Amino acid sequence: MIQRKHGCSGIRIFRIGRRQIELWFCPRGMVIPDHVHENIDVTLVILGGKMDGKIGDRSGRVGWSDMFRRFVVMANTVHSARIVGPFCLFASCEKWKDGVEVTSAATDFVGP
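Criteria and thresholds
- Residues numbered from 1 in each chain as written.
- Predicted model: local features only at pLDDT ≥ 70, side-chain atom pairs only at ≥ 80, totals over all residues.
- Heavy atoms only, no water.
- Helix = DSSP H or I, 4+ residues; strand = E, 2+ residues; numbered from the N terminus.
- Buried < 20%, exposed > 50% of the residue type's maximum accessible area, 1.4 Å probe, protein only.
- Polar contact = N/O pair within 3.5 Å; in protein donor to acceptor, adjacent residues only side chain to side chain.
- Contact = heavy atoms within 4.5 Å.
- Phe/Tyr/Trp six-rings, centres within 6.5 Å; stacked < 30°, edge-to-face > 60°.

Trainee: Please provide a residue-by-residue account of the side chain of Ser80, values included.
Mentor: Tracing the backbone shows Ser80 in strand E8 (residues 79-96). With relative accessibility at 17%, the residue Ser80 sits in the buried group. Within the structure, Ser80 has its side chain in polar contact with the side chain of Asp34 (distance 3.1 Å). Apart from residues lying up to four places away in sequence, Ser80 is in contact with Ile32, Pro33, Asp34, Asp52, Gly53 and Lys54.

Trainee: So what's going on with the packing of aromatic side chains? Residues and values would help.
Mentor: This model, assessed by the stated rule, comprises two aromatic pairs. Ring centres 5.8 Å apart and planes at 20° place the aromatic pair Phe25 and Phe87 in the stacked group. Placement of the pair is Phe25 in strand E3 (residues 19-27) and Phe87 in strand E8, with a sequence separation of 62 residues. For Phe25, a relative accessible area of 38% translates into the label partly exposed. Residue Phe87 is classed as partly exposed on the basis of its relative accessible area of 22%. Measuring from centroid to centroid gives 5.9 Å for Trp64 and Phe87, while their planes differ by 80°, and the two rings are edge-to-face. Placement of Trp64 in the loop between strand E6 (58-62) and strand E7 (70-73) and of Phe87 in strand E8 is noted, with a sequence separation of 23 residues between them.

The values are spatial; any link to function lies outside them.
Below, the structure is given as structure tokens:
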């Protein structure tokens, strides 16, 4: 099933137990506001495009030269992004907490 959040589209491409990988595509100009995921630890893997991002108190720009670079976002860590290239494509490698339903990062999204 395709998920949509803040103009971005995601799809689950793999799941085993409490771990899954979602592939996310965000077009130019999309803004993912400050938010947290309460029930998942996430490793974001940049696959293409360009965005400005913030994780906790760290911020910076990633682009094509950062392909396959990983960023760890622990549960309840504030993060956000703004797509500044034609698009950004990333994998969200998720480890879900015990006792909660495994759904999508889009549904475990706490923020505006």
